[in-house]
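# Coordinates in review
Chain residues, written in single-letter form:
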Amino acid sequence: MAKKATKKKAAPKKAAKKKAAPKKAAKSKTKRKPNAAFMKPLTPSSALADVIGSAMRPRTEVVKKIWDYIKKNNLQDKKNRRMINADAKLKVVFGGKGQISMFELAKVLSKHVK
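Below is a summary of the structure that appears in this document.

Cut-offs and rules
- Positions within a chain are numbered from 1, following the residues in the order the chain's sequence is written.
- Only residues with pLDDT of 70 or above have their local features reported here, since the model is predicted, and side-chain atom pairs are shown and tallied only from 80 upward, although totals for entire chains, interfaces and linings are computed over all residues.
- By convention in this description, side-chain values take in all heavy atoms of the structure and omit both hydrogens and water.
- Going along the chain from the N terminus, every DSSP run of H or I of four or more residues is numbered as a helix, and every run of E of two or more is numbered as a strand.
- A simple rule labels every residue: compare its accessible area, found with a 1.4 Å probe on the protein chains alone, to the largest value its type can have, and call it buried under 20%, exposed over 50%, or partly exposed in between.
- Under the counting rule used here, the positive set is Lys and Arg, the negative set is Asp and Glu, and His together with the chain ends is not counted.
- Salt bridges are counted wherever a side-chain nitrogen of Lys or Arg sits within 4 Å of a carboxyl oxygen of Asp or Glu.
- N or O atoms closer than or at 3.5 Å make up a polar contact, with two conditions inside protein: a donor-capable atom paired with an acceptor-capable one, and, for residues adjacent in sequence, both atoms drawn from side chains.
- Throughout, a residue-residue contact means that at least one pair of heavy atoms, one from each residue, lies within 4.5 Å.
- Only buried Ala, Val, Leu, Ile, Met, Phe, Trp, Tyr and Cys residues count toward a nonpolar core, and they belong to the same one when joined by side-chain atoms within 4.5 Å.

A word on the side chain of Asp77. Position of Asp77 relative to the elements: it lies in the loop between helix H3 (59–72) and strand S1 (83–85). Buried within the structure, Asp77 lacks any salt-bridge partner; its nearest side chain of opposite charge belongs to Lys79, at an N-O separation of 7.5 Å. At 3.5 Å, the side chain of Asp77 forms a polar contact with the backbone nitrogen of Lys79. Only 3.1 Å separates the side chain of Asp77 from the backbone nitrogen of Asn80, close enough to count as a polar contact. Residues within four places of Asp77 in sequence aside, it is in contact with Met83, Asn85 and Gln99.

Structure below.
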């Protein structure tokens, strides 16, 4: 009968203690200022105005209104939620495409605001 070789488990190594870095002066927390480019009112094109209205709005508000329209009309694809299906009004805004991804939305909208 052969004896089985038994291996002893090595004791876990202890992590070397790190010296604490000297503390830096605490930065005063200031409220973040919005980017002026995003807050500048933009005029929507006639095709976009059919969807969100003709009032001048900042870029952030335009995107928000588009998403409100998409959700209200249930235009997100059922299987792939990243895709937006176009209805008659949005097809004009999307440049004739029947479906775009949500990542293309800002690019498409930039062509319809001034």
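We now examine the pattern of salt bridges. Scanning all chains against the criterion turns up one salt bridge. Notably, a salt bridge pairs Lys97 with Glu104, separated by 3.4 Å at the nearest N-O pair.

Relative to the helices and strands, Lys71 resides in helix H3. Judged by its relative accessible area of 60%, Lys71 is exposed. Linking Lys71 and Ile84, residues 13 residues apart in sequence, is a C-alpha distance of 9.9 Å.

Of all hydrophobic cores here, the largest spans 20 residues; its most connected members are Leu48, Ile66, Leu90, Val93, Phe94 and Leu105. Breaking this core down by element, the ones donating at least two residues are helix H2 (46–52), H3, helix H4 (88–93) and helix H5 (105–110). Aside from chain neighbours lying at most four places away, what touches Leu105 is Ile66, Trp67, Ile84, Phe94 and Ile100.

Before going further, it helps to spend a moment on the environment of Ser54. Among the structural elements, Ser54 can be located in the loop between H2 and H3. On a C-alpha basis, the gap between Ser54 and Pro44 in space is 6.3 Å, while along the polypeptide they are 10 residues apart. Ignoring any residue separated from it by four or fewer positions in sequence, one finds Ser54 in contact with Pro44 and Ala49.

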